[in-house]
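# Close look at the chain arrangement
Each chain, letter by letter, is given below.
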Amino acid sequence: MSPKEWNFEEIAPCRWRLSRSADGAMVADAEVFATRDILRQALADASIEQVVNVACLPGLVGSSLAMPDIHYGYGFCIGGVAAFPADGGLVLPGGVGYDINCGVRLLASSIPAGEFAPVAADVGLALLQRIPTGLTPRSNYRLGKKEFQRVIGGGVREIVRSFAAEAGDLEFIESGGCLPFDSPGVISPKAYERGSSQLGSLGSGNHFIEAQVVEEIYDPDSARLFGLEKDRVAFMIHTGSRGFGHQIATDYIETFRKRNLGRLKLRDPQLVHAATGSAEGKNYLQALNAASNFAWANRQLLQGDVIAILERILRQGRDKLGLRLVYDQAHNIAKFERHEVGGEAVDLLVHRKGATRAFPPGHPDVSERYRAVGQPVLIPGSMGSRSYVLRGRAAGTAAGTFFSSAHGAGRRLSRHQAVKLASQADVRERLQKSGILVFSLSVQGLKEEIPEAYKDVDDVVAATVASGISEKVARLRPLLVVKG
Amino acid sequence: MRNYEIFSTTADTGIRCKGRDFRELYGNALRGLNLLLFGANLRSTSGCDAVPFAFRGDGPENVLVNLLSEALSQVYGERRRLAAAVFRRAGRSAIDVRLLLAPCRRPPRVDIKSVTYHNLRVEERGGVKRAAIVFDV
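Residues numbered from 1 in each chain as written. Chains lettered and ligands numbered in written order. Predicted model: local features only at pLDDT ≥ 70, side-chain atom pairs only at ≥ 80, totals over all residues. Heavy atoms only, no water.

### A short note on the interface of chain A and chain B
Stated precisely, the cut-off is as follows: Note on definitions: a residue-residue contact is assigned when non-hydrogen atoms from the two residues lie within 4.5 Å. The quantity reported as buried area is the accessible area (1.4 Å probe) lost by two parts once they are put together, taken as the sum for both. We define a salt bridge as a contact between a side-chain nitrogen of Lys or Arg and a carboxyl oxygen of Asp or Glu at a distance within 4 Å. Polar contacts, as counted here, are pairs of nitrogen or oxygen atoms within 3.5 Å of one another; within protein the pair requires one atom able to donate a hydrogen and one able to accept it, and residues that are adjacent in sequence qualify only if both atoms are side-chain atoms. Numbering goes from the N terminus for both helices and strands, where a helix is a DSSP run of H or I of at least four residues and a strand is a run of E of at least two.
Each partner contributes to the interface: chain A provides 33 residues, whereas chain B provides 28 residues. Roughly 2500 Å² is buried in total at the junction of chain A and chain B, and carbon and sulfur atoms are behind 49% of that figure. Counting across the interface, chain A meets chain B through one salt bridge. In this assembly, chain A and chain B are joined by 19 residue pairs in polar contact (both at pLDDT 80 or more). Within the residue set of the side of chain A that touches chain B, elements represented by two or more residues are α7 (189-196), α9 (242-260), α12 (415-422) and α14 (443-448) of chain A.

### Brief notes about the nonpolar core
Residue and element names in this part refer to chain A. The condition is simple: We call a set of buried Ala, Val, Leu, Ile, Met, Phe, Trp, Tyr and Cys residues a nonpolar core when their side-chain atoms join them within 4.5 Å. Whether a residue is buried, partly exposed or exposed follows from its accessible area with a 1.4 Å probe, protein chains only, as a fraction of its type maximum: under 20%, in between, or over 50%, in that order.
Grouped together as the largest cluster of nonpolar side chains are 117 residues, with contacts concentrated most on Ile48, Phe116, Leu228 and Phe235. Broken down by element, the residue count for this core peaks at eight residues, all from helix α10 (residues 279-314). In this structure, Phe235 is in contact with Arg105, Leu106, Leu107, Ser109, Ile111, Phe116, Glu210, Ala211, Val306, Leu310 and Leu323, ignoring residues within four places of it in sequence. Membership of the second largest hydrophobic core comes to 89 residues, among which are Phe76, Leu92, Ile187 and Tyr192.

### Topic: the sheet that holds strand β5 (residues 94-103) of chain B
All names here are of chain B. Worth spelling out the cut-off: In short, DSSP must find at least two bridges between two strands for them to pair. For helices, the fitted line uses only the C-alpha atoms of the stretch in contact; every axis is such a line through C-alpha atoms, and the angle between N-to-C directions lies from 0 to 180 degrees.
The three strands lie next to each other as β3-β5-β4, forming an open sheet whose pairing is antiparallel. A single partner strand is all that each edge strand has here, and the edge strands are β3 (49-56) and β4 (80-90). Pairwise comparison of adjacent strand axes, ignoring direction, gives a mean angle of 25° for this sheet. In the sheet, β4 pairs with β5 via nine bridges, with the strands oriented antiparallel. By the bridge assignment for β5, Ala85 is matched with Leu99. The strands touched by helix α1 (residues 22-38) within the sheet are β4 and β5, with β4 carrying the most contacts at an inclination of about 175°.

### Focus: the environment of A:Leu441
By the secondary structure assignment, A:Leu441 is in the loop between β18 (437-439) and α14. Separated by 160 residues in sequence, A:Leu441 and A:Gly281 have C-alpha atoms that sit 39 Å apart.

### Focus: the sheet that holds strand β13 (residues 344-353) of chain A
All names here are of chain A. Taken in spatial order, the seven strands line up as β1-β2-β3-β4-β5-β13-β12 in an open sheet, and their pairing is mixed. With partners counted over all chains shown, the strands left at the sheet margins are β1 (9-12) and β12 (332-341), one partner each. Strand after strand, the sheet turns through a mean of 30° between neighbouring axes, direction not considered. Note that strand β3 (residues 30-33) and strand β4 (residues 61-71) share three bridges and pair parallel. Bridge pairing links Val32 to Ala66 in β4. Helix α2 (residues 47-55) contacts β2 (15-18), β3, β4 and β5 (78-85) of the sheet and is inclined by roughly 160° relative to β4.

### Quick notes on the packing of aromatic side chains
All names here are of chain A. Here is the rule we go by: Between the rings of Phe, Tyr and Trp (Trp by its six-membered ring), a pair exists once the centres lie within 6.5 Å; its type follows the angle of the planes, with under 30 degrees stacked, over 60 edge-to-face, and the other angles tilted.
Considering all chains together, one arrives at 18 aromatic pairs over all chains under this definition. With centroids separated by 5.3 Å and ring planes inclined at 45°, the aromatic side chains of Phe172 and Tyr370 adopt a geometry described as tilted. Within this pair, whereas Phe172 is found in the loop between α6 (156-163) and α7, its partner Tyr370 is found in the loop between β14 (355-357) and β15 (376-379), the two being separated by 198 residues in sequence. Relative accessible area serves as the criterion here: at 0%, Tyr370 is assigned to the buried category.

### Comments concerning the side chain of A:Asn101
Mapped onto the fold, A:Asn101 is located in the loop between β6 (90-91) and β7 (103-112). Once you skip the residues sitting within four places of it in the chain, A:Asn101 turns out to touch A:Thr239, A:Gly240, A:Ser292, A:Ala295, A:Trp296, A:Arg299, A:Ala330, A:Asn332 and A:Ile333.

### So, the packing of helix α4 (residues 120-130) of chain A against α10(A)
Residue and element names in this part refer to chain A. In plain terms, the rule: In what follows, roughly perpendicular refers to angles from 65 to 115 degrees, roughly parallel to angles under 35, roughly antiparallel to angles over 145, and oblique to any angle outside these ranges. Left-handed describes a crossing whose near helix is turned anticlockwise from the far helix through less than a right angle; right-handed describes the clockwise counterpart. Basically, the charged four are Asp, Glu, Lys and Arg, the nonpolar ten are Ala, Val, Leu, Ile, Met, Phe, Trp, Tyr, Cys and Pro, and anything else, Gly included, counts as polar.
At their nearest, the axes of α4 and α10 sit 10 Å apart, and the two run at 135° to each other. One finds that α4 runs oblique with respect to α10. Along this stretch, α4 crosses α10, giving a crossing that reads as right-handed. Two secondary-structure elements touch here, α4 through Asp122, Val123, Ala126, Leu127 and Arg130 and α10 through Asp305, Val306, Ile309, Leu310, Arg312 and Ile313. Partitioning the contact of α4 with α10 into residue classes produces seven nonpolar, no polar and four charged.

Laid out in structure tokens, this is it:
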């Protein structure tokens, strides 16, 4: 069947359903949260076929879901969400992705944009000098095996303990920055080797640190709780578990393949899976938690670098600068969560690949400070475009997504297409004309990440809000970008 | 289609390769990866280390992923790039090969993190084996 023949029905604004009857192998419906234009793009780049492939997996609970930043990935589409029973369901490394717990952290401040502008270049340069970016082998934290094991076991808690990070941050990190891990033997020596030299590094690709100004507040009460004030500067960090997570994903896809591929009838071998209760499933879930802890620790250390640089350049302490963590959230992860399905509370393993958790007001896993308004949802735009802060919504459509949301703008052009387009103009100069300073060691990386390579984040956010899965709180405009 | 070429997906990138037999297919996959990483293949093997490797798998897809993963590991872990591959044995489920590896004098153009199995199938048409491999970048 040609992908363009998929017959989606708009069952609510920006909510499209493809009935399971569309394909004999589907065991569940597929649902895409998108504007008509985003859906058209998804049909064109074959990501809808990936949503359909997931809808063919046995035991899927609810629908195979795609968020408004849907685009073509491998196995799952990016923006994909799928839930399976916690007990007796499936776990798929391909439903998480290679960069386990790739995620975003936002730090608010009371620094007025006007006071930041004169020092922005100094801050950018200092960040680039301090933080290892791209392919560089340099690391600021070379840990012995035991120290490294403590980090992957304790996540941010270990960073608080060993690196004197702020204990108050823990409350504003998804899962408190630590998932249970107590089986060091489930991780290969190669993963240890890759991971131990990369803690505290940004990486390459679309990873970044940005200084942004809060440009627009849509929901003053929520913004106040989140610590966001108009015309004040905020700092966003986007990175993940680096080579450690990649190696774990590679290792377990191989393990799952060897043990299971023969008996699985998969349309895409990248969708190889195991039962959550099987030995290999349990081991992967443990390793996944270790990589998640690494990623949270990594972002915590990078936050420490950002704060130290700001304190040095602005000659004021963290408290005086009003620097406080708004939230840290994962967008490549699978976690056990309890959701209401068919009127009953059910324990599920929810996979989110390029999608974020967006728990509603009143949810016990939302930090107490934010519980009245719901979990912050961070949606970064492309380099040079705006980012948004949203919040989770109660019940209704949001419950049908297992309280999930978009994670970014979502790519529109391939890297090759982007480089071709970017070669016509100096990316750095063009962004500087728009008031955005860019620091990067990689010209190629900058070209791959030009704003035109991504969907318009405004469209993604519009679809997210119109479909009822999250509510807008604030919009931020970049002032300074440090790219991996 | 050439013996090997680069292609792009929306988020990632990959190589297509072909060969009359597995030896050619695997060799062209390595050349395609080199092209993607460095923009060209090395012409000389002088000063290279010859390192033997053996890969076993449950099929050519598995063998291809293992072979390319090792080549990536050499680039990013050992800072060595492939100059040539001398196959002693190259079949559906096994490779014995000596990789001739030269020091990386410049970093790769792209950061490839993993070799995926996404839609990976080694197919034979008209006596020619073909494969398309997507990388996580």
